[in-house]
Amino acid sequence: MDEAIVRPATRADLEGYRRCIGRVAAERRWLVFIDTPPPDALHQHVGGMIDRGLPVFVAVAADDVVVGWCDIYVPVFNPVRAGFDHVGVLGMGLDADWRGRGLGGRLLAAALAAAEALRIERVELDVFAANERARRLYERHGFVVEGVRRRARKLDDRYEDVIAMARLKETT
Ligand SMILES: CC(C)(COP(=O)(O)OP(=O)(O)OC[C@H]1O[C@@H](n2cnc3c(N)ncnc32)[C@H](O)[C@@H]1OP(=O)(O)O)[C@@H](O)C(=O)NCCC(=O)NCCS
């Protein structure tokens, strides 16, 4: 299939989602993860997001194989840590073969629209400074740079700065 479909994830997608994250993680460049997350932890975390109705989208190719994801996590309500329910943390990625075709933009737009419908007013993320494609994509969708954590990762004898970006919902 040439075109992937973007749709909300269900629990049936969790294993495909986990494997897709694992493939991108194994590249050791784009994600904080460098390996496939363990099934229990991922199913609990992402399954919990799906159950809560948070934005969790997948891009699926032929045979419903997950080739990309985009999700926005809002921590579970905690009465002693009040005032952060309007903030979500975004993560996303695509299999290498599916990059450069606008699919990232479709996933991101779907997740941001769902976040706005849920009254998530601020969406934040971290991106490695060298990830120019991701930074460009986020800027095109209204994210701005809020700061830099210098040499925040040292992996394979290479330092990387982490850029903090966020997008505020228009309030006017
Ligand atoms: C980042 C990612 C989600 C982007 O999705 P994508 O569908 O590949 O994005 P696109 O190809 O549409 O590119 C996005 C923009 O970056 C631009 N771009 C592409 N390659 C670029 C490069 N090397 N340098 C700068 N900009 C680049 C594109 O022209 C496009 O800009 P435009 O909309 O103004 O034309 C995807 O590449 C990916 O999954 N990468 C690996 C995992 C990852 O980085 N996840 C994000 C972690 S924060």
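Residues numbered from 1 in each chain as written. Predicted model: local features only at pLDDT ≥ 70, side-chain atom pairs only at ≥ 80, totals over all residues. Heavy atoms only, no water.

Caption draft 1: Broad picture of the overall build of the chain. Scanning the chain from terminus to terminus reveals 4 helices and 7 strands. The linear arrangement of helices and strands in the chain, starting from the amino end, is β-α-α-β-β-β-α-β-α-β-β. For the chain, whose C-alpha radius of gyration is 16 Å, the value lies close to the compact-globule estimate of 16 Å for 172 residues. Relative to its 172 residues, the chain shows a buried fraction of 41%. Here the analysis covers contacts within the chain between residues at least 6 apart in sequence; of these, 63% occur between residues at least 24 apart. Counting only carbon and sulfur atoms, one obtains 51% of the accessible surface of the chain, whose full area is about 9900 Å². Computing the positive centroid from 26 side-chain charges and the negative centroid from 26, the chain places the two 3 Å apart. (Helix = DSSP H or I, 4+ residues; strand = E, 2+ residues; numbered from the N terminus. Rg over C-alpha atoms; globule rule 2.2 N^0.38 Å. Buried < 20%, exposed > 50% of the residue type's maximum accessible area, 1.4 Å probe, protein only. Contact = heavy atoms within 4.5 Å. Areas by Shrake-Rupley, 256 points an atom, 1.4 Å probe, with all protein chains shown as cover. Lys, Arg positive; Asp, Glu negative; His and termini not counted. Charge placed at Lys NZ, Arg CZ, Asp CG, Glu CD.)

Caption draft 2: Highlighting the pairing of strand E5 (residues 122-128). Counted residue by residue, E5 has 5 buried out of 7 residues, so it is predominantly covered. Sheet topology note: the strand E4 (residues 87-94)/E5 ladder contains 3 bridges and is parallel. Looking at the pairing, glycine 88 lines up with valine 123 of E5. In this fold, E4 hands off to helix H3 (residues 103-117), which returns the chain to E5; that crossover is right-handed. Note that E5 and strand E7 (residues 158-168) share 7 bridges and pair antiparallel. (Pairing = 2+ DSSP bridges. Right-handed = clockwise from strand over helix to strand, strands pointing away.)

Caption draft 3: Seen up close, the state of the cysteines. Per the counting criterion, the structure on display carries 0 disulfides. Here cysteine 20 stays unpaired: no disulfide links it, and the sulfur of cysteine 70, its closest cysteine neighbor, is 12 Å away. Accessibility expressed as a relative area gives 0% for cysteine 70, which makes it buried. (Disulfide = S-S within 2.5 Å.)

Caption draft 4: Broad picture of the environment of glycine 22. By the secondary structure assignment, glycine 22 is in helix H1 (residues 14-25). Among the residues examined, glycine 22 registers a relative accessible area of 5% and is labelled buried. In sequence terms glycine 22 and leucine 103 are 81 residues apart; their C-alpha atoms lie 19 Å from each other. Setting aside anything within four residues of it in sequence, one finds glycine 22 in contact with Thr36 and Pro37.

Caption draft 5: Representation of unusual backbone geometry within the structure. One non-glycine residue, aspartate 64, lies in positive phi territory at about 65°. With respect to the helices and strands, aspartate 64 occurs in the loop between strand E2 (56-60) and strand E3 (66-73). One non-glycine residue, aspartate 157, adopts positive backbone phi at about 65°. Residue classification places aspartate 157 among the exposed residues on the basis of a relative accessible area of 77%.

Caption draft 6: Quick look at the sheet that holds E2. Strand order in the open sheet made by the 7 strands is E1-E2-E3-E4-E5-E7-E6, with mixed pairing throughout. Each edge of the sheet is formed by a strand with only one pairing partner; in this case those strands are strand E1 (5-8) and strand E6 (144-155). Strand-to-strand twist across the sheet, computed as the mean angle between neighbouring axes with direction ignored, equals 20°. Packing against the sheet, helix H4 (residues 132-140) makes contact with E4, E5 and E7, and its axis sits at approximately 160° to E5. (Axes fitted to C-alpha atoms, helices over the stretch in contact; angles between N-to-C directions.)

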